[in-house]
Amino acid sequence: MFWRMAGLSTASAVEAILDRDGFTLEDLLDEDELIQECKALNGRLLNFLRERVQVEQLIRYIIEEPPEDVEKKRTFKFPFIACEIFTCEIEMILKTLVEDEELMLLLFSFLEAKETHNSLLAGYFSKVVICLLVRKTIPFMQFIKDHQEILKQLVDLIGITSIMEVVKRLVGTDEHLYANYTSAMQWVEDTDILEMIVDKFGSSDCPEVHANVAEILCTVARYAPPGLATKLSSPSCTGRLLKHTLEDSRPKSVLVNSLSVCISLLDPKRFTLGTYPIYGRQLTLGNMVPNPETVEGMLGSLGDLLVLLNVSSSEGVLLTTYGKLQPPLGKHRLKVVEFISVLLTVGSEAAEKEVIRLGAVKRVLDLFFEYPYNNFLHHHVENVILSCLESKNSQLLDHLLSECNLIGSILEAEKDSILTAADSDKPTVPAEGRKPLRIGNIGHLTRISNKLLQLANSNAEIQSHLQENSKWVDWHTDVLSKRNTLENVYSWACGRPSSLHDRNRDSDDDDYHDRDYDVAALANNLSQAFRFGMYSNDDMEETQGSVERDDEDVYFDDESAEVVISSLRLGDDQESSSLFTNSNWFAFDDEKTANEGSMASPRPNADDDDVVIGEADEDFKDTVDSSPPVGMETEDSTTTKNPSENPSEPEAEKSAAWVEWRETSESTGPSSNPDEATTLPNGEVKIDKEGVGDDTDKKSAEDSATGACSDETAEKSPDAASGDEIAEKLKDSGPDASEVAAAESHENAQSSEPAITQETKKSQEADVAAETEEAVKEEEKVV
């Protein structure tokens, strides 16, 4: 166990073994909890494993192949557990190993020449060696320096992938390791390890060896220390490399992998062999231009490489779904074309002259049309053509347009765009008895043609070649223009908004920065949203308080809105978000509400628009239901009224209040009297008033109502009893509810607007009568 608590943990099985007399290392290795106890730094266990005898036995489990008649745990389990003990990176165990030369020699005896090496044990060996290299760098590298024959032994076994990883670490491709221990590892640059690795192309016929050698050399070209990288790019080393490439007796895997190394030297940014372990090193963008001596050293072999592009010899036939290839292009020819493509991107004047002299562009252009279904080839040839078109060397451009007849070849391919069996001497032959297929390089031809038109606007030589060719002018008008219109993906709506039709960027790019955000509208919408609790119902007191704020008191000003916009531009916002529009969140269709038969209630609006919220607005209804349980909540707003209820009432804008008054069904039941107030299903009663302010305004309204009543001889209403009951319920609903209700009743009694129902009138009259009677009593006391 990793953690123990006193009185709760059970006895460890490893502790039980250590308590026994005469236990052995095999007893511990057979225990499943051994690695956990090592990581938990069990003192008794580590003191046992650090002994030289035990370390030696662990090494023998790793490097020695077990006999055939032993148990499986000796073959598989014990070597694995022994390797894991070392890779736990326990200081005392590693120190015992690295400081004992005999134990180190025993470890590296695994590299001694033998018929075969167990790949499983080679993996365990490499893990232990790399652990020593990382954790005990100085003593380990000193041991390797004193026994440099180990480097040759490692190179001899470079075909094993795990051994190849050890070689890559030793040559300094681990940036952090080399930076921290430069003095301990710099001596490797003075050895001939690179020459030994390059010579493996000539001494081995194994494709795995060639692939691993190319991977090491490509990694050195990109990530190794400058000393080794410079040594690899020297003319002597590149000459040695290409010498093995062009030997007739060598397999094609030598050509493919050695050209991959040359491509890495010319363009270090390209990962020609897939994803390499970078070990945290970053590419230095300032050092991307290859050494001119490196380029010139490779040009001497360019002529021999072009010979390999000859496809006249019948090397074999490859059957495909569209026909047959005789011969197939092959990886070696494709790699030669890629090498030429990269060579032209360097921008070396010597390379361009040599390419023109040898006719390399003409040859790769012929392959482009001879293999119309090889998209890998088409990609590299297109890069060759683009490099020639964008080159500052006018001779290369003229060579492409005149001697290679690029424009004529494009028009000819467009004219005969169906693969036919008439040209049986070409490598690609269509299948018999099937409908002829369209050639597969039309897309690349279209892109090359469009590039010609684009460069013709700034290059007079290209423009003159295009205008002199009448067939090109006709084809451009009749075919290319229509094709571009048809294949313009930006004009495909596909359910997208029409505003995307005229986009000039890639379809994968975002258009957030093109939006014209209305900062004022955003600030207003956000303020209203948070004022009315549309986003959060957690803090209802803050929501209630925000409703009573003035219109000018908002949470978001213009500067805050700009900050929100900047944040949203960095994230994945929704295209349909209404935050970025001038639309009013609180405006709904009045007719829709009326058709659904919902009961309307007024609602505050920042823009003072007529707003009706019915049953269709479930979100706002839920927000209203979750309001704090107070007697009344008021806000200045405009009320939308139905003219049919009172035709004589003028349609002028009037202040209104929406009141949340929760009553039982007996006290607020529906009435047949048209003058009664409309009661909503959630218990809300709609009344009209001049406006209710804060607590100070409520007190002033109460005082004015009392003073007005003292000058009159008021009589009790016959319905005062029922009014008293309603007043008592109003008092129960909140501490200030009765006072606010009294003020509202008196103010509405003075108004000429018949918007109060009969039941509400009774309550108001009862309150006024009670207050008047109390005022008379006070005056009598004073007198």
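Residues numbered from 1 in each chain as written. Predicted model: local features only at pLDDT ≥ 70, side-chain atom pairs only at ≥ 80, totals over all residues. Heavy atoms only, no water.

## Some thoughts on the overall build of the protein
A tally of helices and strands in the protein yields 39 helices and six strands. Sequence separation of at least 24 residues holds for 71% of the intrachain contacts in the protein that already meet a minimum separation of 6. Entry remark: accessible area of the protein is about 41,700 Å², with carbon and sulfur atoms responsible for 49%. (Helix = DSSP H or I, 4+ residues; strand = E, 2+ residues; numbered from the N terminus. Contact = heavy atoms within 4.5 Å. Areas by Shrake-Rupley, 256 points an atom, 1.4 Å probe, with all protein chains shown as cover.)

## Structural notes on the nonpolar core
By size, the foremost hydrophobic cluster in this structure holds 152 residues, and its most contacted members are F86, L97, L107, F108, F140, F339 and L452. The element contributing the most residues to this core is helix α9 (residues 119-135), with ten residues. Apart from residues no more than four positions distant in its own chain, F108 is found in contact with F125, V129, F140, F143, I144, I150 and Q153. (Core = buried A, V, L, I, M, F, W, Y, C linked by side-chain atoms within 4.5 Å. Buried < 20%, exposed > 50% of the residue type's maximum accessible area, 1.4 Å probe, protein only.)

## Here we look at the side chain of R363
Along the chain, R363 falls in helix α24 (residues 360-370). Residue R363 is classed as buried on the basis of its relative accessible area, which comes to 19%.

## Topic: the environment of K136
Mapping K136 onto the fold places it in the loop between α9 and α10 (137-146). Given the relative accessible area of 14%, K136 is considered buried. Distance from K136 to E89, taken between C-alpha atoms, is 10.0 Å for residues 47 residues apart in sequence. Excluding residues within four positions of it along the chain, K136 makes contact with E91, L94, K95, V98 and C131.

## Structural notes on the pattern of salt bridges
The tally for this structure, following the rule as stated, stands at 29 salt bridges. Between D32 and K77 there is a salt bridge; the shortest N-O distance is 3.2 Å. Of the two residues, D32 is situated in the loop between α2 (25-29) and α3 (34-39) and K77 in helix α6 (residues 72-87); the sequence distance between them amounts to 45 residues. When its relative accessible area of 24% is taken as the criterion, K77 is described as partly exposed. Across the salt bridge formed by E382 and R447, the nearest N and O atoms sit 2.9 Å from each other. Of the two residues, E382 sits in helix α25 (residues 375-389) while R447 sits in helix α28 (residues 442-456), which places them 65 residues apart along the sequence. (Salt bridge = Lys/Arg side-chain N within 4 Å of Asp/Glu carboxyl O.)

## What about the state of the cysteines?
A disulfide bridge is the covalent bond that connects two cysteines by way of their sulfur atoms. Within the structure shown, the criterion is met by zero disulfides. With no disulfide of its own, C88 has C38 as its nearest cysteine by sulfur position, at a separation of 5.5 Å. No disulfide involves C218; its nearest neighbouring cysteine sulfur is the one of C262, lying 9.2 Å away. (Disulfide = S-S within 2.5 Å.)

## A look at the sheet that holds strand β1 (residues 318-319)
Judged by pairing direction, the sheet is antiparallel, and its three strands sit side by side in the order β1-β2-β3 without closing on themselves. Either end of the sheet is taken by a strand with one partner, and the two such strands are β1 and β3 (428-430). The sheet contact formed by β1 and strand β2 (residues 323-325) spans two bridges and is antiparallel. Opposite L318, over in β2, you have L325 as the bridge partner. (Pairing = 2+ DSSP bridges.)

## Comments concerning the packing of helix α7 (residues 91-98) against α9
Across the interface, α7 lies against α9 with an axial gap of 11 Å and an inter-helix angle of 100°. Regarding the angle of α7 to α9, the classification is roughly perpendicular. For the pair formed by α7 and α9, the contact residues are L94, L97 and V98 on the first element and V128, C131, L132 and R135 on the second. Grouping the constituent residues of the contact of α7 with α9 by class yields six nonpolar, no polar and one charged. (Axes fitted to C-alpha atoms, helices over the stretch in contact; angles between N-to-C directions. Parallel < 35°, antiparallel > 145°, perpendicular 65-115°, else oblique. Nonpolar A, V, L, I, M, F, W, Y, C, P; charged D, E, K, R; others polar.)

## With respect to helix α26 (residues 394-403)
Those residues of α26 that sit buried are L396, L397, H399, L400 and L401. Sitting at the head of α26, N393 places a side-chain oxygen 3.0 Å from the backbone nitrogen of Q395. Residue N405 follows α26 closely and has a positive phi angle near 50°. (Polar contact = N/O pair within 3.5 Å; in protein donor to acceptor, adjacent residues only side chain to side chain.)

## Describing the packing of helix α15 (residues 193-203) against helix α18 (residues 235-245)
For the pair α15 and α18, the least separation of the axes is 8 Å and the interaxial angle reads 15°. Between α15 and α18, the crossing angle belongs to the class labelled roughly parallel. The two elements α15 and α18 meet at a crossing, and its hand is left-handed. Contacts from E195, V198, D199, F201 and G202 in α15 reach C237, R240, L241 and H244 in α18. (Left-handed = near helix turned anticlockwise from the far one by under 90°.)

## Quick look at the packing of aromatic side chains
Per the counting criterion, the structure on display carries ten aromatic pairs. Ring centres of F23 and F48 lie 5.0 Å apart, and the angle between their planes is 50°; this geometry places the pair in the tilted category. Residue F23 is located in the loop between α1 (13-19) and α2, and its partner F48 is located in helix α4 (residues 43-49); the two are separated by 25 residues in the primary sequence. A relative accessible area of 13% means that F48 is categorised as buried. (Phe/Tyr/Trp six-rings, centres within 6.5 Å; stacked < 30°, edge-to-face > 60°.)

## Observations concerning unusual backbone geometry
The omega torsion across Q326 and P327 is -5°, close enough to zero to call that bond cis. Following the sequence through the fold, P327 ends up in the loop between β2 and α22 (330-345). Positive phi is not limited to glycine here, since L41 has a value of about 60°. For L41, the location among the structural elements is in the loop between α3 and α4. Positive phi, normally seen in glycine, also occurs at E89, with a value near 60°. With respect to the helices and strands, E89 occurs in the loop between α6 and α7.

## Section: the side chain of H332
Along the chain, the position of H332 falls in helix α22. Judged by relative accessible area, which is 8%, H332 ranks as buried. Residues contacting H332, with those up to four places away along its chain left out, are K252, L255 and V256.

## Section: the confidence of the model for the protein
Here the protein averages 74 in pLDDT, and 61% of its residues register 70 or above. Low pLDDT, under 50, characterises residues 534-556; the stretch is placed with 44 contacts to residues that sit more than four places away or in other chains. Of the regions scoring below 50 in pLDDT, residues 751-756 engages in nine contacts with residues more than four places distant in sequence or in other chains. (pLDDT = per-residue confidence, 0-100.)

## Concerning the environment of E31
Topologically, E31 is positioned in the loop between α2 and α3. For the pair E31 and A13, spaced 18 residues apart in the sequence, the C-alpha separation amounts to 7.5 Å. With near-sequence residues (within four places) excluded, E31 lies in contact with A13, V14 and I17.

## Focus: the environment of S203
When you line up the elements, S203 lands in helix α15. Measuring from C-alpha to C-alpha, the distance between S203 and R250 comes to 9.5 Å, with 47 residues separating the pair along the chain.

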